[in-house]
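# Remarks on the overall topology
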Amino acid sequence: MTTERRAPLDRTRVAATALTLLNEVGLDGLTLRAIAKELDVKAPALYWHFKDKQALLDEMATEMYRRMVAGTPLDAGDTWQERLLKSNRGLRAALLGYRDGARVFSGSRFTSLVHVEAMEDNLRLFLSAGFTLPQAVRASSTTYLYTLGFVIEEQGVEPLPGERREGYDIDERARLMSDFPLSAAAGAEIFADYERHFEEGLVLIIKGIESAPKGRGELRDQPPHTRSRNQT
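All of the points below concern the structure found in this document.

Basis of the calculations
Residues numbered from 1 in each chain as written. Predicted model: local features only at pLDDT ≥ 70, side-chain atom pairs only at ≥ 80, totals over all residues. Heavy atoms only, no water. Buried < 20%, exposed > 50% of the residue type's maximum accessible area, 1.4 Å probe, protein only. Helix = DSSP H or I, 4+ residues; strand = E, 2+ residues; numbered from the N terminus. Arc of directions from axis to C-beta. Contact = heavy atoms within 4.5 Å. Phe/Tyr/Trp six-rings, centres within 6.5 Å; stacked < 30°, edge-to-face > 60°. Patch = residues over 30% accessible without salt bridge, like charges linked within 9 Å, V, L, I, M, F, W, Y side chains within 5 Å. Areas by Shrake-Rupley, 256 points an atom, 1.4 Å probe, with all protein chains shown as cover. Salt bridge = Lys/Arg side-chain N within 4 Å of Asp/Glu carboxyl O. Axes fitted to C-alpha atoms, helices over the stretch in contact; angles between N-to-C directions. Parallel < 35°, antiparallel > 145°, perpendicular 65-115°, else oblique. Nonpolar A, V, L, I, M, F, W, Y, C, P; charged D, E, K, R; others polar.

### Some thoughts on helix H2 (residues 32–39)
Within H2, burial applies to Leu32, Ile35, Ala36 and Leu39. Take H2 and look down its axis: the buried residues cluster within an arc of 100°, on one side only. What points out from H2, more than 90 degrees from its buried face, is the exposed set Arg33 and Lys37. The elements touched by buried residues of H2 are helix H1 (11–29) and helix H3 (53–69). Asp40 sits one or two residues past H2 and shows a positive phi near 60°.

Now the structure itself:
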C-alpha cells in the first residue's frame, strides 16, 4: 500500500490544473468533470470550492494575472505611455500562453485584490500627468479592452502560437475575393503578422489619449465647437 499523500484539494490547485488542461481541450472542452478526472477526484468534490464553471473561470483568470505580474515589479520611472505599453504587451503575452486565454479572462471577476496595487499605481501615474480620474480610468480601460479584444480575435485564428485554424489561408481568401482587390489584399493586414498589428493599434490609441485635452473630464466638458449639432 502506498504511503504517498496527495496535495490537498483547494482552489489554487484546481485552477492550476484547469489552466494546464485548457491548453489541451480549449475552453469549450473544459468541464468540471474533465478537471475532476485530471485531479483523480469525483466531480462533486469541486463544488465544495466552485459553485459553477464561471466561479472556476474567475479563479483561473486571477491565477493567470498572478502569474503575469509575478517577479515584474513596477518601474517608478515609467511615464504613463510606457506603463500602458508594458502592461498591455504583458497582458497579451500572458493571454497567448493559454488556448482560449483571452476568452477565459474576458468577463471574469478577480477573486482577490491581486490587481489593486498595480491599478492604484497606474491611476496615480495618470493623475500626476494632469489627467482627471475619469480620464485615467478611460485611458486604462480602453487600452485593456483593445488588448483583450485583439487577442480574442487573434486566438480565433491562431489558438496557440504555431497553430492556425482551417479556413484562414490568406492566398485562398485572396483568390475567392479576386473581384474585390482591396478586400483581397486586406487579408494579409487582418490575418497575419499579429505582433506588428497589435503594436501599431496600441500606439494609435496612446496617441489619441495624448491628444485629448487633460483635466476637462467627459465629453460634455469639451468646447462647444467640438460638439456635433445634436449635442448642443
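Text resumes after the structure shown.
### Here's the deal with the packing of aromatic side chains
By convention here, two paired aromatic rings are described through the distance between centres and the angle between planes. On inspection of all chains with the given rule, the structure shows ten aromatic pairs. Seen from their ring centres, Phe150 and Tyr194 are 6.1 Å apart, and the 85° between their planes marks the pair as edge-to-face. In this pair, Phe150 sits in helix H7 (residues 133–157) while Tyr194 sits in helix H10 (residues 194–211), placing the two residues 44 residues apart along the sequence. Side by side, Phe150 and Tyr194 carry an identical accessibility label, which is buried.

### Some points on the environment of Met64
With respect to the helices and strands, Met64 occurs in helix H3. Met64 has contacts with Leu19, Leu95, Tyr98, Gly101, Val104 and Phe105, leaving out every residue within four places of it along the chain.

### Observations regarding a nonpolar patch on the surface
There is a patch of nonpolar side chains on the surface, built from Leu127, Leu133 and Val137 and spanning about 240 Å² of accessible area. Residue placement: Leu127 occurs in helix H6 (residues 116–128). A residue is classified by how much of its surface remains accessible, and Leu127, at 43% relative accessible area, is partly exposed.

### Examining the packing of helix H4 (residues 80–96) against H6
Running from N to C, H4 and H6 point in directions that differ by 150°, and their axes come no closer than 9 Å. As judged from the angle between their axes, H4 and H6 are roughly antiparallel. Across the interface between the two elements, Trp80, Arg83 and Leu84 from H4 touch Asp121, Asn122, Leu125 and Phe126 from H6. Classifying every residue of the contact of H4 with H6 gives four nonpolar, one polar and two charged.

### Focus: the pattern of salt bridges
Tallied over the entire structure, the rule returns 20 salt bridges. Measuring nitrogen to oxygen at the nearest pair gives 2.8 Å for the salt bridge that ties Arg99 to Glu163. Here Arg99, found in the loop between H4 and helix H5 (101–105), pairs with Glu163, found in the loop between H7 and helix H8 (170–176); they are 64 residues apart in sequence, far enough to count as distant. With a relative accessible area of 17%, Arg99 lands in the buried category. When its relative accessible area of 31% is taken as the criterion, Glu163 is described as partly exposed. Where salt bridges share partners, they join Asp75, Asp78, Arg83, Lys86 and Asp121 into one cluster.

### Some words on the packing of H1 against H3
It is at 9 Å that the axes of H1 and H3 come closest, and there the two elements cross at 95°. Taken as axis vectors, H1 and H3 run roughly perpendicular relative to one another. Touching Arg11, Thr12, Val14, Ala15, Ala16, Ala18, Leu19, Leu22 and Leu27 of H1 are Lys53, Ala55, Leu56, Leu57, Glu59, Met60, Glu63, Met64 and Arg67, all from H3. Residue classes in the contact of H1 with H3 are distributed as twelve nonpolar, one polar and five charged.

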